[in-house]
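Next come the chains, spelled out residue by residue.
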Protein chains: 2
Amino acid sequence: MVVGIDIGGTNTAIGLIDQKGNVLVETTLKTANYPKIEAFVVAITKSINDLHTPHKEVAIKAIGIGAPNGNFYSGTIEQAPNLPWKGIVHLRELFLEYFDAPVFITNDANAAALGEMHYGAAKGLKNFMVVTLGTGVGSGFVVNGKLMYGHDGFAGELGHFTVEQGGRPCNCGRRGCLETYASATGIVTTALEQLSRVRLPSGLRSIPKNQLSAKFVCQAAEQGDALSLEMVDYTAEKLGFALANIVLITSPEAIVFFGGVANAGDLLLKPTKEYMEQNLLNIFKNKVQLWQSQVPENHAALLGAAALAWENIE
Amino acid sequence: MVVGIDIGGTNTAIGLIDQKGNVLVETTLKTANYPKIEAFVVAITKSINDLHTPHKEVAIKAIGIGAPNGNFYSGTIEQAPNLPWKGIVHLRELFLEYFDAPVFITNDANAAALGEMHYGAAKGLKNFMVVTLGTGVGSGFVVNGKLMYGHDGFAGELGHFTVEQGGRPCNCGRRGCLETYASATGIVTTALEQLSRVRLPSGLRSIPKNQLSAKFVCQAAEQGDALSLEMVDYTAEKLGFALANIVLITSPEAIVFFGGVANAGDLLLKPTKEYMEQNLLNIFKNKVQLWQSQVPENHAALLGAAALAWENIE
């Protein structure tokens, strides 16, 4: 079996996972409780040993870690805005002080792509992409059956693809990035814009502005709220435009959507597919599948991290 | 040795090439003389046998073909606008009737990428892209050391990347494609637009409009013609914007420029790099090299086709 670790801004999940994707045991830590990375690694090490003790007869073959800004080549986490450790964290090195097993790190979107390939919607596919729609927008690309890390391990930054020149300001310092429209945060921006710009009635108007969320927008749209449907449509338009321009570069067989906003399902994916098809070059039309993630949601990130470990020791 | 075949709208070049990239013998046919594909294949077969006769002691290991819209997976040429054969041409199948050796086909930009990897600027690189700037704009991507064909063999259509929403109409039926700005044809469109929009003097005004070419624009710019420099700058702006948005997906180590317009060299590549850097996400800044092709120009397409053959029998 392998260890899967999913490092998030709030929680870090740790599990022991077999090759079929069964999570044998698991536990979580509060990431913010460990402002020092060394203490964090010690705590994870202890958790792994505790989890492993009742299963000592099976060796741990590898450790796979999914983390924001995790870099496969350098084994580091670099400048992750939502984690307590600043600068460049040499995570792989730190882990190797405690374990004999090989340690692999990548970012959460790449881990999600491997999770879909091993245990989810993309089983058996050689060319596909995963789009993570959450607080931010991320992506992982599988090309010729292998994750595309690019030259320096940072490939797949779909969230910063320009969908509107001179558009919304992004945290990255640029403008018009897909993330500023299609993330949960982007959808809230769209909602606030449209609620103040348009006078149409909307169920959203009863929600205090500082409590608006992408989830509320999608729920209202599901119930037929016309203005909320507009907001979802606008999100789909930006997403579909970006996808059409990426499809003509990488030619994926399918695009798998993962994360909180992707839970909107067909409500978002159907118009996204329509906008994508409208913008697609002829030779790609009606060829690319859009799917929701099929990795069990409660274990998706852990399974992605585990898939990274299996992938690299096979 | 292998056979390299470069099928173009005007000429088809055929050569015998060793593994080091030496073109031992070569010949050309006029493509338009063969409105029937069967006659074309027969003529090529005869040419190959003629070339091979004095070298009979060395076997032909494979045949590599670069052609517009050539598809690696299906072995076909599909809907190539500048070739005499319409619809889908089953080129590999036809060749296999005459040869025992394996036959590989891909489009010219992919062949160019393999040519750079085996014999040119990208030797030893595992992640890079080639951009072909000629009558149209094409691209070939190498990812993890292998050509990225995508699911259906059509990956790498950078020429149809949208650089201007609602921009210039493209032959593909869409608008604002990079090709309508950065190809030789696109540069002429830019020149005509600017000559009629602006009253500045320019050496280009002495050239009859129907004789304007990208080459004239670049030559005038080289000589300091201010308006021509503007035109080159505008081309670089569109190209740099597209590249910045592709770099964040594929994270290449280098971008190699190939084809007639790329011969403008630093005149075009320097401002293109500046615009690319301006638009790049921080983590990619100052990391991506822009190079001119280093495959000998007179044999570039043949060597690309030969590299395709070597690549697939190794």
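In this text, all values refer to a predicted model and were calculated from it rather than measured experimentally.

## Focus on the nonpolar core
Moving on, step 1. Formed by 210 residues in total, the largest nonpolar core has its most connected members in A:I65, A:L178, A:V217, B:I65, B:L178 and B:V217.
Moving on, step 2. When near neighbours in sequence (up to four residues on either side) are disregarded, A:I65 contacts A:I5, A:I7, A:G70, A:L91, A:V103, A:F104, A:I105 and A:A305.

## Side note on the domain arrangement of chain A
All names here are of chain A.
Moving on, step 1. By domain assignment, chain A separates into domain 1 (2–114 + 298–313) and domain 2 (124–294).
Moving on, step 2. Centre-to-centre separation of domain 1 and domain 2, based on C-alpha positions: 28 Å.
Moving on, step 3. At the junction of the two partners, domain 1 supplies twelve residues and domain 2 supplies 14 residues.
Moving on, step 4. For the side of domain 1 that touches domain 2, the element with the most residues is helix α3 (residues 108–119), which contributes six residues.

## Some details on the environment of A:P271
Moving on, step 1. Tracing the chain through its elements places A:P271 in helix α8 (residues 266–279).
Moving on, step 2. Residues A:P271 and A:E193 lie 78 residues apart in sequence; the distance between their C-alpha atoms is 20 Å.

## Re the pairing of strand β4 (residues 63–66) of chain B
All names here are of chain B.
Moving on, step 1. What you see with β4 is no split at all: I63 and I65 on one side and G64 and G66 on the other are buried throughout.
Moving on, step 2. When strand β1 (residues 2–7) meets β4, the two strands line up parallel, connected through four bridges. By the bridge assignment for β4, I5 is matched with I65.
Moving on, step 3. Alignment of β4 against strand β8 (residues 103–106), held across four bridges, turns out to be parallel. In the strand pairing of β8, G66 is matched with T106.

## Section: helix α9 (residues 300–313) of chain B
Residues and elements named next belong to chain B.
Moving on, step 1. Look at α9: 20 Å from first C-alpha to last across 14 residues, which is about the 20 Å you get at 1.5 Å a residue.
Moving on, step 2. Buried residues dominate α9, accounting for eleven of its 14 residues.
Moving on, step 3. Every buried residue of α9 is accounted for by A300, A301, L302, L303, G304, A305, A306, A307, L308, A309 and W310.

Scoring rules and cut-offs
Residues numbered from 1 in each chain as written. Chains lettered and ligands numbered in written order. Predicted model: local features only at pLDDT ≥ 70, side-chain atom pairs only at ≥ 80, totals over all residues. Core = buried A, V, L, I, M, F, W, Y, C linked by C-beta atoms within 7 Å. Buried ≥ 20, exposed ≤ 12 C-beta atoms within 10 Å, placed from the backbone. Contact = placed C-beta atoms within 7 Å. Domains from an automatic or database assignment. Helix = DSSP H or I, 4+ residues; strand = E, 2+ residues; numbered from the N terminus. Pairing = 2+ DSSP bridges. Expected span 1.5 Å × (residues − 1).

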